[in-house]
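Residue-level listing of the chains:
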Amino acid sequence: MPQDLSADFVIVGSGIIGALLARKLALAGASVLMLEAGPLVTRAELVARFRNSPRRSDWMSPYPPSPWAPHPVYQPEDNGYMVHAGPYPYKAEYIRQVGGTTWHWAAQAWRNVPNDFHIHSLYGVGVDWPFGYDELEPYYQEAEEIMGVSGAPNTGSPRSKPFPMEPVAEVWAMRRLRERLAPEYDVVGNTTARNSRSYDGRPPCCGNNSCQPICPIDAQYHGGLSVDAALAAGARLQANANVFKLEHDAAARITAAHYYDPDKVAHRVTGKTFIVAANGVESPRLLLLSQSDKFPRGIANSRDMVGRHLMDHPSTSLTFDADEDVWLGRGPQSPNSINTMRDGAFRSGHAAYRLDFTNISRVDVTTRALIDEGVYGPEFERRLRYSAAREMNVKNVLEVLPRPEHRIALSDQKDAMGLPKPQTHYSIDDYTRAGHVRSQQDFKRIAELMGGTNLRFSKDGDFANNQHICGTVSMGTDPAVSVCDEWGRAHDHENLYLAGTGVLPTSSTCNSTQNGIAVALRSAQHLLAQQTGQPVPRAAAPSARS
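Parameters and conventions
Residues numbered from 1 in each chain as written. Predicted model: local features only at pLDDT ≥ 70, side-chain atom pairs only at ≥ 80, totals over all residues. Heavy atoms only, no water. Helix = DSSP H or I, 4+ residues; strand = E, 2+ residues; numbered from the N terminus. Expected span 1.5 Å × (residues − 1). Buried < 20%, exposed > 50% of the residue type's maximum accessible area, 1.4 Å probe, protein only. Contact = heavy atoms within 4.5 Å. Salt bridge = Lys/Arg side-chain N within 4 Å of Asp/Glu carboxyl O. Pairing = 2+ DSSP bridges. Axes fitted to C-alpha atoms, helices over the stretch in contact; angles between N-to-C directions.

A. Main features of helix 1 (residues 16–27). The end-to-end C-alpha distance of helix 1, which contains 12 residues, comes to 16 Å, matching closely the 16 Å that a straight helix rising 1.5 Å per residue would cover. Taken across its 12 residues, helix 1 has 10 buried, putting it largely inside the fold. Those residues of helix 1 lying buried are Ile16, Ile17, Gly18, Ala19, Leu20, Leu21, Ala22, Lys24, Leu25 and Ala26. Of the surrounding elements, those touching the buried residues of helix 1 are strand 1 (6–12), strand 2 (32–35), helix 4 (133–147), helix 6 (223–232), strand 8 (266–276) and helix 11 (512–532). Of the residues flanking the end of helix 1, it is Gly29, one or two places downstream, whose phi is positive at about 95 degrees.

Here it is, written out as structure tokens:
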């Protein structure tokens, strides 16, 4: 293991956000070092693991945790890494390896809509962001051009430039949904980081329908590609480096990061500026672990805000049988959605939501269900074919408000490295539940328009988790209720920055990754401007939109 590692910028975490931040800093000539808790694994290894897995519907099966960098898994049984304090279990799912969790994401790269930045001013709920849509728009575009993003122009998110490429070809099932639900519902293509043509040396989507857990040809962008780009720009990477403590001096400046290697040998890394970009669980966990006499509750936590405002996107769903063959399973797994409930005055009373259609093949899940039921022979073949051809599913993606009691804390239980495990405090509040109730009207009408029969709603009171972790190290203008400022700089430490989806002050209705990337690219511009003494170009001051 190397000794005396140092860099101008030390980034904890090599996921898609940390790596793209490293790339931007390195391209400007900065010395950058990424520290990743988990191992370096190639796409070929991951594809082989998926092909050989007995649990094809378990998207974590190709990503077993390393003993020195554990992460939560729930199949075939819960490994107990995430400790749930309730009252509702928060079964977060993420990957600690080089490239992070976007190895197995759906590549949805949504932008917020403008009013998402002002929900407190407009609707009296949640909080306002410290800047508005116009300020983030150029960084949305920058992220989209790096990843290669396509989507529909009518999602409510204004654009200064077109998408880098046209959408992936519409699959038959989504075409039938679009045709049969019009004009009552506008079914649009999802905004995704997936190639519809050759882009940046990568091939177009060939319809494998295994985007989760792994795109076998890299048509879908992911954090492994971000790490490659950062290394090509001149950044360095230290894998298998589980950072367990940040060290500070008498002036509260961060002076070093301490990490364990797989043999639990401790190493010390020095730098000028430190950026914690693990994820919405591991970032607050590291800050809470970094206790000292001056900061007994942990780094950046003088006001007890680290870990608070945990948010995600709970979902409920409807499965039904259409009155025609639609054959889910060719092409991207999540290609289309309905966006009419992303914003409106109703947000004063209930959660906004998107409606997302699945295109996941029904063969695996139906086969397992029929075998469990004891069905074999001709009856098995008939019922499998019927489900594969006719079954459809729609889910909601529900907004969650930032609440301080929803949080990540440290558990009394220890992991294999002797470090406290993350503990969750979480619930589904009335605001989100009311959004779920409203969405049931849409579920029923969609099924009716598709001639649906055999309607199967998800179990009442059960909310699936979408793994869009955000809010645990929130940015804001008031240090009393936030952890960092609008640039990600920790209020308590002048040379500590936070990046990732944890800094997002609200959840909105869109997958959190694109927001996290855009905010990080904006922060990188600020960091580079500080080096040159030049101010970051700013849009007009944010104002509420009606």
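Now that the structure has been shown, the text picks up again.
B. The pattern of salt bridges, seen in detail. Enumeration according to the criterion identifies 40 salt bridges in this entry. For Glu135, the salt bridge identified is with Arg522, shortest N-O distance 2.8 Å. Note that Glu135 is positioned in helix 4 and Arg522 in helix 11, a separation of 387 residues in sequence. Since its relative accessible area comes to 1%, Arg522 is described here as buried.

C. Structural view of the environment of Arg297. Mapped onto the elements, Arg297 comes out in the loop between helix 7 (282–289) and strand 9 (314–315). Residue class for Arg297 comes out partly exposed when judged on its relative accessible area of 42%. Measuring from C-alpha to C-alpha, the distance between Arg297 and Leu287 comes to 8.8 Å, with 10 residues separating the pair along the chain. In contact with Arg297, other than residues within four places in its own chain, are Leu288, Gln291, Ser302, Arg303 and Asp304.

D. The arrangement of the sheet that holds strand 14 (residues 407–414) in detail. Spatially, the three strands line up as an open sheet ordered 3-15-14, and their pairing is mixed. If you trace the sheet from one side to the other, it starts and ends with strand 3 (83–87) and strand 14, each paired once. Neighbour to neighbour, the strand axes of the sheet diverge by 30 degrees on average, direction disregarded. Where helix 7 meets the sheet, its contacts fall on strand 14 and strand 15 (420–426), and the angle it forms with strand 14 comes to roughly 65 degrees.

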